[in-house]
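So the chains spell out like this:
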Amino acid sequence: MRPFIASLYLTAAACITVGILAGVAWWRRRDLTEHGLFSAMAVFAGLKVLMEPLFYQATTVDAYTQALWWQINFIVLFLLSFAWFLPAYTGVARRSLAWLVTAFLVLDLALH
């Protein structure tokens with residue numbers, strides 16, 4: 001299991017690094033909102049993968065549920081960023097689907 005855990009940490013580091021680089025690009029040109037949203041997506045994906053080893057190495061039910069809670073929250077935040085990244089990147093004028101996804105994800109976080 002150790003090589004698998006190491007690969008998860010490497011994947012998380014790559015995602016977070018890409019997120020930081022996109023965040024710097026967004027910081028320099030704030031009018032490009034898709035860079036900021038892509039940065040958030042990459043960081044949330046990296047944080048989700050960073051929680052994977054805790055998920056796999058949990059020895060108690062409490063540790064397992066805590067790791068699962070963090071994973072679900074990072075997945076919801078990733079999906080929320082993705083829902084707004086698509087209209088920003090493609091230039092779609094109507095954002096009703098993004099608002100619908102946002103409403104469902106906020107409801108999910110509230111119930112979770």
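Heads up: the structure comes first, above all this text.
In this report, we go over the structure that sits alongside the text.

Thresholds, definitions, all that
Residues numbered from 1 in each chain as written. Predicted model: local features only at pLDDT ≥ 70, side-chain atom pairs only at ≥ 80, totals over all residues. Heavy atoms only, no water. Helix = DSSP H or I, 4+ residues; strand = E, 2+ residues; numbered from the N terminus. Contact = heavy atoms within 4.5 Å. Areas by Shrake-Rupley, 256 points an atom, 1.4 Å probe, with all protein chains shown as cover. Lys, Arg positive; Asp, Glu negative; His and termini not counted. Charge placed at Lys NZ, Arg CZ, Asp CG, Glu CD. Buried < 20%, exposed > 50% of the residue type's maximum accessible area, 1.4 Å probe, protein only. Expected span 1.5 Å × (residues − 1). Salt bridge = Lys/Arg side-chain N within 4 Å of Asp/Glu carboxyl O.

Moving on to the overall build of the protein. When helices and strands are counted, the protein shows four helices and zero strands. Its helices and strands taken in sequence order, the protein reads α-α-α-α from the N to the C terminus. Taking the principal axes of the C-alpha coordinates as reference, the protein spans close to 50 × 30 × 15 Å. Here the contacts in the protein between residues at least 6 apart in sequence split such that 62% fall between residues at least 24 apart. As displayed, the protein has an accessible area near 7500 Å², and 72% of this comes from carbon and sulfur atoms. One finds the centroid of the 7 positive side-chain charges in the protein at a distance of 10 Å from the centroid of its 5 negative side-chain charges.

Moving on, we get to the side chain of N73. Considering the arrangement of structural elements, one finds N73 in helix α3 (residues 61-90). What makes N73 buried here is its relative accessible area of 12%. Not counting the four nearest positions on each side in its chain, N73 is found in contact with L109 and H112.

Let's shift gears to helix α1 (residues 2-28). Between its terminal C-alpha atoms α1 stretches 39 Å, which fits the 39 Å expected from 27 residues at 1.5 Å a residue. Buried positions along α1 lie against α2 (33-56).

Attention shifts here to the pattern of salt bridges. Across all of its chains, the model carries two salt bridges by this definition. R29 is the salt-bridge partner of D31, the closest N and O atoms lying 3.6 Å from each other. For D31, a relative accessible area of 56% corresponds to the exposed category. Residue classification places R29 among the partly exposed residues on the basis of a relative accessible area of 47%. In this structure, K48 engages E52 in a salt bridge whose closest nitrogen and oxygen atoms are separated by 2.4 Å.

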